[in-house]
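# Examination of the molecular architecture
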Amino acid sequence: MPSQIEKRDEFYLARCIQLALKGKGYVSPNPMVGCVIVKDNKIIGEGYHAKYGEEHAEVNAIKNATESVEGATLYVNLEPCVHYGKTPPCVDLIIESKIKKVVIGTLDPNPLVNGKGVEKLKKAGIEVKVGVFEEESKKLNEAFFKYITQKIPFVALKIAQTIDGKIADIEGNSKWITCEQSLHFVHQLRSEYDAVLIGSRTARLDNPNLTVRLVEGRNPYRVILDSALSLPLELNVFSDKFTDKTIVFTSVNSLKAKKEKIEKLNSLGIEVLTAKSMRRKLDLKDVLEKLAQKGITSVLVEGGGKIFTEFIKQKLADKVFVFIAPKILGKGIQSISDVGIKSIRDIITLKEISVQSFGDDVLITGYL
């Protein structure tokens, strides 16, 4: 049975996570962090990291405190930073403020911080407890943890399909398989991921905007894979007012052969990058590594079927959001085709499943 102290610590850490989520979609490539300061069993200060480059959660909580924080306990879901980044180290302010105890959800995987923040706090005579609500704290910042430890973005696939697994009819028409409520949720997802990624076929057939028109939030980067650099410049992603957030990946051969088109794309504010390629297929791992170099920590892949299949086949996807509409198409384009599995014994089973309803649609979310 957890003790009263453990229960209390978990209660305040849960509140830190609640606060941290307010920064979702705004703090990347930084992690989401919330902080609560408690004195005489009452909360005297709260704060969260609201926007990349702005003050961290601990600083905001100390500033917001309604009384002196001397002798208080500070709760935070991620180890306080000990290095100079966009802002000064939080550890120094905690020590200066004469906080008595610090309770931390999880250590920061960043080698510049990892364990060093805890060490400095302890050296200053502050009691430190690590690992309260640890799994929840790691899950909150799953994209940050992967980005820092593997130098590659966290990847989720967003698939909207019929009950018989089709994402479009045989001509490639897909509007609209799922309902308005599902679309609204997809826009919310876009606002939370750093980038959305599609292949050239999806770009040509659907001509999507890939923005967050239906919700409040920041627009993600729009990543288009176009190995032959053949897409028309009239597409929405090349002609709307968000072209500065559009990135096109192409092959080295296309870069050499289509200089005029690249100049035109660049003049529209669109960035053209190359990725390794083989048989007109871009190397997805190389694409992801180059996105990570740009500080993109998470990618939402929105199609099409060949792209979904390759991400799964190459074990580059971490999570899936599958919207299933109660519709049957029969002949059409499969959401996922051959991923190299020969036997039912090798079937891929999603983990940590959750199921939600949006109108008549069902959303299954799980980890690969």
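Residues numbered from 1 in each chain as written. Predicted model: local features only at pLDDT ≥ 70, side-chain atom pairs only at ≥ 80, totals over all residues. Heavy atoms only, no water.

## Overview of the sheet that holds strand β2 (residues 42-48)
- If you trace the five strands from one edge of the open sheet to the other, you get β2-β1-β3-β4-β5, paired in mixed fashion. The open sheet has two edge strands with one neighbour each: β2 and β5 (127-130). Strand after strand, the sheet turns through a mean of 15° between neighbouring axes, direction not considered.
- Judged from the four bridges that link them, strand β1 (residues 34-39) and strand β3 (residues 73-78) form a sheet pairing that is antiparallel. When the sheet's bridge partners are listed, Val38 is paired in β3 with Thr73. (Pairing = 2+ DSSP bridges. Helix = DSSP H or I, 4+ residues; strand = E, 2+ residues; numbered from the N terminus. Axes fitted to C-alpha atoms, helices over the stretch in contact; angles between N-to-C directions.)

## Points about the side chain of Asn60
- Mapped onto the fold, Asn60 is located in helix α2 (residues 57-64).
- Here the side chain of Asn60 touches Tyr48 through a polar contact of 3.0 Å, landing on its backbone oxygen.
- Ignoring sequence-local partners within four residues, the contact set of Asn60 consists of Glu46, Gly47, Tyr48 and Glu55. (Polar contact = N/O pair within 3.5 Å; in protein donor to acceptor, adjacent residues only side chain to side chain. Contact = heavy atoms within 4.5 Å.)

## Side note on the environment of Asn77
- Locating Asn77 in the fold gives a position in strand β3.
- Residues Asn77 and Ile104, 27 residues apart in the sequence, show an inter-C-alpha distance of 5.5 Å.
- In terms of polar contacts, Asn77 uses its side chain to reach the backbone amide nitrogen of Gly34, at 2.7 Å.

## A look at the domain arrangement of the protein
- Segmentation of the protein into domains returns domain 1 (4-145) and domain 2 (151-367).
- Relative to domain 2, the C-alpha centre of domain 1 lies at a distance of 35 Å.
- Taken together, the eight residues of domain 1 in the interface contact 12 residues of domain 2.
- Summed over both partners, the interface of domain 1 with domain 2 comes to about 860 Å²; 49% of that surface belongs to carbon and sulfur atoms.
- The three residues of domain 1 that bury the most area against domain 2 are Gly25, Glu142 and Ala143, which together make up 45% of that side's buried surface.
- Here domain 1 is connected to domain 2 by three salt bridges.
- Where Lys319 meets Glu142, a salt bridge forms, and the shortest distance between an N and an O atom there is 3.4 Å.
- Inspection of the domain 1/domain 2 interface yields six residue pairs in polar contact (both at pLDDT 80 or more).
- Grouping the amino acids of the side of domain 1 that touches domain 2 by side-chain chemistry returns three nonpolar, two polar and three charged. (Domains from an automatic or database assignment. Buried area = accessible area lost by both parts, 1.4 Å probe. Salt bridge = Lys/Arg side-chain N within 4 Å of Asp/Glu carboxyl O. Nonpolar A, V, L, I, M, F, W, Y, C, P; charged D, E, K, R; others polar.)

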